[in-house]
Amino acid sequence: MTLEWKKVSKRFGDKQAVDELSLEVPEGELLVLIGPSGCGKTTSLKMINRLVDPQTGSVLVGGRDVSHVPAVELRRHIGYVIQHVGLFPHMRVSENVGAVPKLLGWSKEKIEQRVHELLELVGLPPQDYAQSWPAHLSGGEAQRVGVARALAADPPVLLMDEPFGAVDPLTREILQREFLRIQSTLGKTVVFVTHDLDEAIRLGDRIAVMNEGRLVAAAPPAELLLNADPFIRDFTGEDRALRRLARLSVGQALGDATPMKSASRRDASVGAIRTDATLKEALSQMLEAGETSLEAFSPAGRSMGTLTLEDLLERAAGEVAS
Amino acid sequence: MKTPWSYRQFLGSALGMLFMLILLIPSILSPVLSVPFPEAQDPVFPRKMLAVLALEHLWLSLAAAGLATIIGIGVGIAATRPAGRTFLPLVRDASALAQTVPPAAVLALAIPFVGFGFQPVLLALVLYSVLPVLDNTLAGLENLPSAVLEAAQGMGMTRFQVLLQIELPLALPVISAGIRTSVVINVGTATIGALAGAGGLGSPIVAGLIRDNPAWVFQGAAASALMALFLNGILGRLEKSWASHSKVEKT
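Residues numbered from 1 in each chain as written. Chains lettered and ligands numbered in written order. Predicted model: local features only at pLDDT ≥ 70, side-chain atom pairs only at ≥ 80, totals over all residues. Heavy atoms only, no water.

**What to know about the overall build of chain A**
Alright, step 1. Secondary structure summary: chain A contains 15 helices and 13 strands in total.
Alright, step 2. Expected size for 322 residues packed as a compact globule is a radius of gyration near 20 Å; at 22 Å, chain A falls within 12% of this value.
Alright, step 3. Summarising its shape, the C-alpha atoms of chain A cover approximately 60 × 50 × 30 Å along the three principal directions.
Alright, step 4. Taking all 322 residues of chain A together, 51% fall into the buried category.
Alright, step 5. If you take every contact in chain A between residues at least 6 apart in sequence, the share linking residues at least 24 apart comes to 67%.
Alright, step 6. When the accessible surface of chain A is totalled, it reaches about 14900 Å², and 49% of it is carbon and sulfur.
Alright, step 7. Within chain A, the 44 negative side-chain charges are centred at a point lying 4 Å from the centre of the 37 positive side-chain charges. (Helix = DSSP H or I, 4+ residues; strand = E, 2+ residues; numbered from the N terminus. Rg over C-alpha atoms; globule rule 2.2 N^0.38 Å. Buried < 20%, exposed > 50% of the residue type's maximum accessible area, 1.4 Å probe, protein only. Contact = heavy atoms within 4.5 Å. Areas by Shrake-Rupley, 256 points an atom, 1.4 Å probe, with all protein chains shown as cover. Lys, Arg positive; Asp, Glu negative; His and termini not counted. Charge placed at Lys NZ, Arg CZ, Asp CG, Glu CD.)

This is the structure we're talking about:
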């Protein structure tokens, strides 16, 4: 389902929260909204499920102006994940996940089956978690339940407002990876708000940078990191070249060549790197070992060719999005 | 889930039960009372059986607490809805102010306007005991985690569904504590009702004071105190069993 902001503006008192925002999200895209706090990214997100109504302009979901759809009806078909999760503390995990299907009047058996499916999907074995109380979950587990709850009625659109912002960095990375895996199978249209650039680069198909209510740029991560706009350059920081490298895997840089020939199994020791490592890790390994080339191995231990420092320089200087 | 009875709770209940039996059966009460009050001519209050007075008292207190609960929760909900929010500070101030007026004063002020009997006393009791319910309803509904409310609204619950399925269940432990306070206040305050002709356990107290018979004062006071303790205990246990069911507390 496509999304679109059409010349949308919203003012809170003296503050212009969103200023003439126009942006389209094609079906199945994961769009990241990013910007400094107060830039209007959350307000823009909340316009989609009508938690905020714009003063001028219109927001379209699947081509329909949301102001013509009853808010309650609209929201039941849009998944919503927030930073502090907001699980219902007086309901078990299964009841939390089944909340929207229950609102939609699904049968008990269908809800139960769906809850089971979803808990599997987010990596929480139902037999261990379905009957738990939210108070007994860790931050990471709670947010997995939050994601499962948002996906419960299989909404075509998913809104995520800094969903991984309140968990520790290690858990955040795991959740990001898991979410990418889920998204690659479900292909929802996702709007994801964050203020973490690394997260945006890792997750986004496209990143929209906002500042003071305005859209500054919207581009795929690799392109955004090459953007010459002073605000964007400032925002992406001095290490944007490294961020570009972090975005690509060794395998991608080598063009996913067919395995050369099966070599003896080697772990990633000095001089060797796995193809699923990022180019940033490859560079770090080269610097550490004082070498200018690394032999690449697939996770299965097959030799995939040689990665050279020249490859890295080429990629860091700005490659075309692959 | 059942919380096990502790030894102390059990002993307390057993003693309370025994005490109540003594109070309710005149033929046992009479010899017991003549021990601490040997000079009393007529140790047991003669006009009505204590059991009947206790029932009157219970009915008056619970009726008042019931009305106070309905009004308190109703006003509390109304003042926390978007449409009623303008009145929230007013309601809060009124509730805080009225809490500082002692119940006897409320009754004394009420009598000239509403006269004597059951109904005016009921009115006075409701006026006073609505405050703990209202206060706790406001506190319970105002202090809910905002993320929970945002999630509920964002997933497409109607306002009414949010209130019924999320807000009230989460605020219930706080609200029910308010109801318990209201009941206890009513049981204690209803003794003053005898002054306004509402009967109840206040009758032996008032009569005893007038006729200089401490035995009557004692039985009225003891019975109402015991009733307050009992109701407090029962309601407290109910609250606990709800709380352990809803698992709102962090472990």
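**A look at the packing of helix H1 (residues 7-24) of chain B against helix H2 (residues 26-33) of chain B**
All names here are of chain B.
Alright, step 1. One can describe the packing of H1 onto H2 by two numbers: an axis separation of 5 Å at closest approach and a directional angle of 100 degrees. If you check the angle between H1 and H2, you find them roughly perpendicular. Across the interface between the two elements, Ile-22, Leu-23 and Leu-24 of H1 pack against Pro-26, Ile-28, Leu-29 and Val-32 of H2.
Alright, step 2. Across the contact of H1 with H2, the residue classes tally to seven nonpolar, no polar and no charged. (Axes fitted to C-alpha atoms, helices over the stretch in contact; angles between N-to-C directions. Parallel < 35°, antiparallel > 145°, perpendicular 65-115°, else oblique. Nonpolar A, V, L, I, M, F, W, Y, C, P; charged D, E, K, R; others polar.)

**A look at the confidence of the model for chain B**
Alright, step 1. Here chain B shows a mean pLDDT of 84. Residues at 70 or above account for 94%.
Alright, step 2. The secondary-structure element of chain B with the lowest mean pLDDT is helix H5 (residues 103-114) of chain B, recorded at 76, while helix H7 (residues 146-154) of chain B shows the highest, at 95. (pLDDT = per-residue confidence, 0-100.)

**Brief notes about the packing of aromatic side chains**
Each pair of aromatic rings is reported with the distance of its centres and the angle of its planes.
Alright, step 1. One pass over the full model with this rule turns up seven aromatic pairs over all chains.
Alright, step 2. Plain terms: the ring middles of Phe-179 of chain A and Phe-192 of chain A are 6.3 Å apart, the flat faces sit at 45 degrees to each other, and that makes the pair tilted. Here the residue Phe-179 of chain A occupies a position in helix H8 (residues 169-186), and Phe-192 of chain A occupies one in strand S8 (residues 189-194), the gap between them amounting to 13 residues.
Alright, step 3. Here Phe-192 of chain A falls in the buried class, since its relative accessible area comes to 0%.
Alright, step 4. Centroid distance Trp-59 of chain B to Phe-118 of chain B: 6.3 Å. Interplanar angle 10 degrees. Geometry classified as stacked. One end of the pair, Trp-59 of chain B, is in helix H3 (residues 50-80); the other, Phe-118 of chain B, is in helix H6 (residues 118-142), and 59 residues separate them in sequence.
Alright, step 5. For Phe-118 of chain B, a relative accessible area of 31% gives the class partly exposed.
Alright, step 6. Linked through ring pairs, Phe-164, Phe-179 and Phe-192 of chain A together constitute an aromatic cluster.
Alright, step 7. The cationic tip of Lys-110 of chain A hangs over the ring face of Trp-106 of chain A; the distance from NZ or CZ to the ring centre is 4.2 Å.
Alright, step 8. When the ring centre of Phe-88 of chain A is taken as origin, the NZ or CZ atom of Arg-149 of chain A, which lies over that ring, is 4.8 Å away. (Phe/Tyr/Trp six-rings, centres within 6.5 Å; stacked < 30°, edge-to-face > 60°. Lys NZ or Arg CZ within 6 Å of the ring centre and 35° of its normal.)

**Details of the sheet that holds strand S11 (residues 272-274) of chain A**
Residue and element names in this part refer to chain A.
Alright, step 1. Taken in spatial order, the three strands of this open sheet run S11-S12-S13, and their pairing is mixed. What marks the edges here is a single partner per strand, and that holds for S11 and strand S13 (303-308). In this sheet, neighbouring strand axes are inclined to one another by 35 degrees on average, regardless of whether the strands run parallel or antiparallel. (Pairing = 2+ DSSP bridges.)

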